[in-house]
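Survey of secondary and tertiary structure
So you can see what is in the structure, the chains are spelled out below.
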Amino acid sequence: MAVKLLLEKAHVEGIRTYDVYRREGGYRAVEKALKSMSPEAIVEEVKKSGLRGRGGAGFPTGMKWSFIAKPEGVPRHLVCNADESEPGTFKDRYLMEFIPHLLIEGLIISSFALGSNATYIYIRGEYAWIPDILEQAIAEAKANGWLGKNILGTGFDCEIYVQRGAGAYICGEETALIESLEGKRGNPRIKPPFPAVKGVWDRPTVVNNVETLAAVVPIINLTGEEYAKIGVGRSTGTKLISACGNINKPGVYEIDMTISVEEFIYSDEYCGGIANGKRLKACIPGGSSVPILPANLLFKTAKGETRYMNYESLSDGGFATGSMMGSGGFIVLDEDQCVVKHTYTLARFYRHESCGQCSPCREGTGWMEKILKNIDTGKGKMSDIDLLWDIQRKIEGNTICPLGDAAAWPVAAAIRHFRDEFEWHVLNPEESQVRNFGLAHYADAREVVA
Amino acid sequence: MTKFSDEKLAKVQEIIARYPDGKQKSALLPVLHLAQEEFGWLSSDTMDYVASLLSIEPIEVYEVATFYSMYNLQPVGRYTFEVCQTGPCMIKGSDDIISYIEQKLNIKPGQTTEDGMFTLKTVECLGACGYAPMMQMGKFYKEHLTKEKVDAIIDECRKTAAANN
Ligand SMILES: Cc1cc2nc3c(=O)[nH]c(=O)nc-3n(C[C@H](O)[C@H](O)[C@H](O)COP(=O)(O)O)c2cc1C
Ligand code: SF4
Ligand code: FES
């Protein structure tokens, strides 16, 4: 049975309420941290844990915290990124909905470590019912002395506020989020200055993902050193994976990062195999921005080694033959799915979400959407495939924020691994409207092995 | 005249108090949500009113209201169906759900039924990909949609509306 650090108690009856959460051992970590540790010691513990940001980029959290500037007399802020809008990703929602006090507990400890007296949770506007759940948890925590003035007699004051976004994927990017929190359009800022120096209201700011901040609780309870023993290599601790697509058991799973991709898909403990007895065609393992992998590169790396559900193994082979852990949004496509159409919907998504500040992103995402739509609907030309390749290359690396890259990568990977499917669409404009390409030579890896 | 109830005005003050002095513009997104709740959509009068509440220029409100997809800049029906059409929902049949609703209500995405009851919109990933196909209806999500479920939702809406009229 796998170790569970975040969701172990998520289904205890009534765990949303303070009393049950507390009875199950909740707020012990706050007690330990605030009463027996200094802010610096907490940062040190998080460094030792090896925790990496769970929002997508995987940057070491302890290191990020140690960069926060501490100019005399200037308040600092912690902002929790609950914008969760990367297609395929719905893990933060699960955590906030089912075990909200875990996040609040993590926020109190992290606010203490960073010196934030006013901490904000920026949540995507569409999750319109979750702020009520969080505000209820905050009120209970406050009523029980874990928030407010002079918490546990330490002299530390802290308030947590929930701020709703209003429908914009780009506000998940940390500088766009800060702009939005200031009441502006979500246009990413040019870095530097980094938020750690000049963030919200020009004050030093740390932005972290929901899951990252919740993971601080087990780190304090276990110690950083013990936390780091779970998992493998630089993939320490546990990771929430939201699994969707053509699988038997879509949902949110907490994994320790030693299991293989094959086990994750086929084990009854996780996805439970491909639905309706179909065969596996492809998978986007870390949210819509990361490269899609055909089945034959999913279970084994190009070197023929088993691929595991962790940062290093998922990216083994780079973009040529690997992918990324990303946000943990695990999208599975069976043999009946069309890679061209799926990629088209993602291109449409990125065009819709581009803030429009940089021309390569604004124009490029529009062109990619149009060309992919043409190919998908049987109006494409062979030269369109090369044109798409060319456009995505011109976006990547030439924009203010990484949304440009995020839009380019899925298109690049789809062409890289499924070029014959694109070509088939162009060569068979009518047939491609009535049936799908199928598996072709990207046979289910299990059959290749057999 | 566009004006919040006293209760909403108190809420606005409570929201402004979350930010440092002089940073009341940070309250803009939450206050626009309140305004939309109260008035259904954001007319230019409403936006001007919000600007006056936060002591900012009307243009600062227009800029924001036009950027974020959740703000309605036109009146919408009593119930809005926002059906997700991104990849993970698409592979679970969101296209069929959208055409079924189009057919059933005789409207296209972006349109409202003549009786002002329903608006249909297509939206991008709402973070419910594992429970696809899905749509947002007001504050909540309707997940694992089927044609039968859509029928039931529409009936339910009509009944509730009739009971409240
Ligand atoms: C376009 C774009 C969207 C993003 N969306 C999110 C998001 O929804 N949630 C999130 O935590 N991080 C998101 N990020 C990453 C954030 O910029 C930032 O790296 C993250 O919140 C840092 O937290 P972490 O280190 O705990 O992961 C996004 C980045 C980009 C470029
Ligand atoms: S890359 Fe795209 S989303 Fe990011 S700042 Fe430029 S235009 Fe905006
Ligand atoms: S793709 Fe529809 S909710 Fe994510």
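Residues numbered from 1 in each chain as written. Chains lettered and ligands numbered in written order. Predicted model: local features only at pLDDT ≥ 70, side-chain atom pairs only at ≥ 80, totals over all residues. Heavy atoms only, no water.

1. Quick word on the overall build of chain B
- The secondary structure content of chain B amounts to seven helices and four strands.
- Ordering the α and β elements of chain B from the N terminus gives α-α-α-α-β-α-α-β-β-β-α.
- Dimensions of chain B, computed from the C-alpha atoms along their principal axes, are close to 50 × 35 × 25 Å.
- Expressed as a percentage of its 165 residues, the buried residues of chain B come to 54%.
- Taking the intrachain contacts of chain B between residues at least 6 apart in sequence as the baseline, contacts between residues at least 24 apart amount to 60%.
- Separation of charge centres in chain B, based on 17 positive and 23 negative side chains, amounts to 5 Å. (Helix = DSSP H or I, 4+ residues; strand = E, 2+ residues; numbered from the N terminus. Buried < 20%, exposed > 50% of the residue type's maximum accessible area, 1.4 Å probe, protein only. Contact = heavy atoms within 4.5 Å. Lys, Arg positive; Asp, Glu negative; His and termini not counted. Charge placed at Lys NZ, Arg CZ, Asp CG, Glu CD.)

2. Some points on the overall build of chain A
- Looking only at helices and strands, chain A has 20 helices and eleven strands in total.
- In terms of principal-axis extent, the alpha carbons of chain A reach across some 75 × 50 × 35 Å.
- Considering chain A as a whole, with its 450 residues, one finds that 63% of them fall into the buried category.
- Looking at chain A alone, contacts between residues at least 24 apart form 70% of all its contacts between residues at least 6 apart.
- Carbon and sulfur atoms form 51% of the exposed surface of chain A, whose accessible area is close to 15900 Å².
- In chain A, 51 positive and 57 negative side-chain charges are present, and the distance between their average locations comes to 3 Å. (Areas by Shrake-Rupley, 256 points an atom, 1.4 Å probe, with all protein chains shown as cover.)

3. Remarks on the site of ligand 1
All names here are of chain A.
- Taken together, 18 residues form the shell around ligand 1, and within it Gly-55, Asn-81, Asn-208, Asn-209 and Thr-212 come nearest.
- At 2.7 Å from an oxygen atom of ligand 1 is found a side-chain nitrogen or oxygen belonging to Thr-212.
- Relative to its free-state accessible area of 610 Å², ligand 1 is covered by the protein chains to the extent of 89%.
- At three residues, strand β4 (residues 205–209) tops the list of elements feeding residues into the shell around ligand 1.
- For the shell around ligand 1, a count of residues per class yields four nonpolar, eight polar and six charged. (Near = heavy atom within 4 Å. Polar contact = N/O pair within 3.5 Å; in protein donor to acceptor, adjacent residues only side chain to side chain. Nonpolar A, V, L, I, M, F, W, Y, C, P; charged D, E, K, R; others polar.)

4. Here's the deal with the sheet that holds β4 of chain A
Residues and elements named next belong to chain A.
- What the four strands build is an open sheet, ordered β3-β2-β1-β4; its pairing is parallel. Strands at the two margins of the open sheet, each flanked by one partner only, are β3 (159–164) and β4. Strand-to-strand, the axes of this sheet are offset by a mean angle of 20°, without reference to chain direction.
- Bridging between strand β1 (residues 77–82) and β4 involves five bridges; their strand directions are parallel. Bridging from a neighbouring strand, Leu-78 pairs with Val-206 of β4. (Pairing = 2+ DSSP bridges. Axes fitted to C-alpha atoms, helices over the stretch in contact; angles between N-to-C directions.)

5. With respect to the domain arrangement of chain B
- Split by domain assignment, chain B resolves into domain 1 (6–67) and domain 2 (79–163).
- Between domain 1 of chain B and domain 2 of chain B, the C-alpha centre-to-centre distance is 29 Å. (Domains from an automatic or database assignment.)

6. Digging into the pattern of salt bridges
Residues and elements named next belong to chain A.
- Applying the stated criterion to the full structure yields 43 salt bridges over all chains.
- Glu-173 is the partner of Lys-191 in a salt bridge, and the nearest nitrogen-oxygen pair spans 3.9 Å. Of this pair, Lys-191 sits in the loop between α8 (174–181) and β4 while Glu-173 sits in the loop between β3 and α8; the two residues are 18 residues apart in sequence, bridging distant segments of the chain.
- Overall, the relative accessible area of 32% leaves Lys-191 in the partly exposed class.
- On the basis of relative accessible area, Glu-173 is assigned to the buried category, the value being 14%. (Salt bridge = Lys/Arg side-chain N within 4 Å of Asp/Glu carboxyl O.)

7. Focus on the environment of Phe-112 of chain A
- As for its position among the elements, Phe-112 of chain A is in helix α6 (residues 100–114).
- Taking the C-alpha atoms as reference points, Phe-112 of chain A and Ala-302 of chain A, separated by 190 residues in sequence, lie 45 Å from one another.

8. Overview of the packing of helix α2 (residues 28–36) of chain A against α6 of chain A
All names here are of chain A.
- Running from amino to carboxyl end, α2 crosses α6 at an angle of 10°, the nearest separation of the two axes being 9 Å. Here α6 runs roughly parallel to α2, going by the angle between their axes. Each of Arg-28, Ala-29, Val-30, Ala-33 and Leu-34 in α2 lies in contact with α6, whose residues at this interface are Glu-105, Ile-108, Ile-109 and Phe-112.
- Partitioning the contact of α2 with α6 into residue classes produces seven nonpolar, no polar and two charged. (Parallel < 35°, antiparallel > 145°, perpendicular 65-115°, else oblique.)

9. A look at the interface of chain A and chain B
- Counting from both sides, the interface comprises 56 residues of chain A and, opposite them, 40 residues of chain B.
- In total, about 3900 Å² of surface goes out of reach between chain A and chain B, with carbon and sulfur atoms giving 58% of it.
- Summed over the three residues of chain A that lose the most area to chain B, namely Ala-166, Arg-185 and Trp-201 of chain A, the buried surface amounts to 15% of that side.
- Counting every contact that joins chain A to chain B gives five salt bridges.
- One salt bridge connects Arg-18 of chain B with Glu-135 of chain A, and the closest N-O pair in it is separated by 3.9 Å.
- The tally of links between chain A and chain B comes to 23 residue pairs in polar contact (both at pLDDT 80 or more).
- Among the secondary structure elements, those contributing two or more residues to the side of chain A that touches chain B are α5 (91–98), β2 (118–123), α7 (130–143), β3, α8, β7 (238–245), β11 (329–334) and α15 (339–353) of chain A.
- Ranked by residues supplied to the side of chain A that touches chain B, first place goes to α15 of chain A with eight residues.
- Considering only residue class, the side of chain A that touches chain B consists of 26 nonpolar, 16 polar and 14 charged. (Buried area = accessible area lost by both parts, 1.4 Å probe.)

10. Overview of the nonpolar core
- Formed by 159 residues in total, the largest nonpolar core has its most connected members in Ile-42, Trp-65, Leu-103, Ile-104, Ile-121 and Phe-422 of chain A together with Tyr-68 of chain B.
- Beyond its immediate stretch of four places on either side in the chain, Phe-422 of chain A contacts Val-340, Leu-372, Ile-375, Ile-385, Leu-388, Ala-414 and Ile-415 of chain A.
- Core analysis: the next-biggest nonpolar cluster, separate from the first, contains 27 residues, Ile-247, Val-261, Tyr-270 and Leu-280 of chain A among them. (Core = buried A, V, L, I, M, F, W, Y, C linked by side-chain atoms within 4.5 Å.)

11. With respect to the site of ligand 2
- Around ligand 2 sit 13 residues in total, of which Cys-355, Cys-358, Cys-361, Thr-399 and Cys-401 of chain A are the nearest.
- Residue classes in the shell around ligand 2 are distributed as eight nonpolar, five polar and no charged.

12. With respect to the side chain of Arg-307 of chain A
- Turning to its location among the elements, Arg-307 of chain A is positioned in the loop between α12 (295–298) and α13 (311–314).
- Despite its burial, Arg-307 of chain A pairs with no opposite charge, the nearest such side chain being Asp-316 of chain A at 5.1 Å.

13. Thoughts on the sheet that holds strand β9 (residues 280–284) of chain A
Residues and elements named next belong to chain A.
- With mixed pairing, the five strands of this open sheet are ordered in space as β8-β7-β11-β9-β10. The outermost strands of the open sheet, each flanked by one partner alone, are β8 (251–256) and β10 (293–294).
- α5 contacts β7 and β8 of the sheet and is inclined by roughly 110° relative to β7.

14. Brief notes about the domain arrangement of chain A
Residue and element names in this part refer to chain A.
- When cut into domains, chain A gives domain 1 (18–229), domain 2 (232–337) and domain 3 (339–434).
- Relative to domain 2, the C-alpha centre of domain 1 lies at a distance of 28 Å.
- In this assembly, 21 residues from domain 1 lie in contact with 23 residues from domain 2.
- With both sides pooled, the region where domain 1 packs onto domain 2 buries about 1700 Å², and carbon together with sulfur makes up 52% of that total.
- Considering only the side of domain 1, the residues that lose the most area to domain 2 are Arg-52, Arg-54 and Phe-90, jointly responsible for 32% of the buried surface there.
- Here domain 1 is connected to domain 2 by two salt bridges.
- Among the salt bridges present, the one from Glu-211 reaches Lys-239, with a minimum N-O distance of 2.9 Å.

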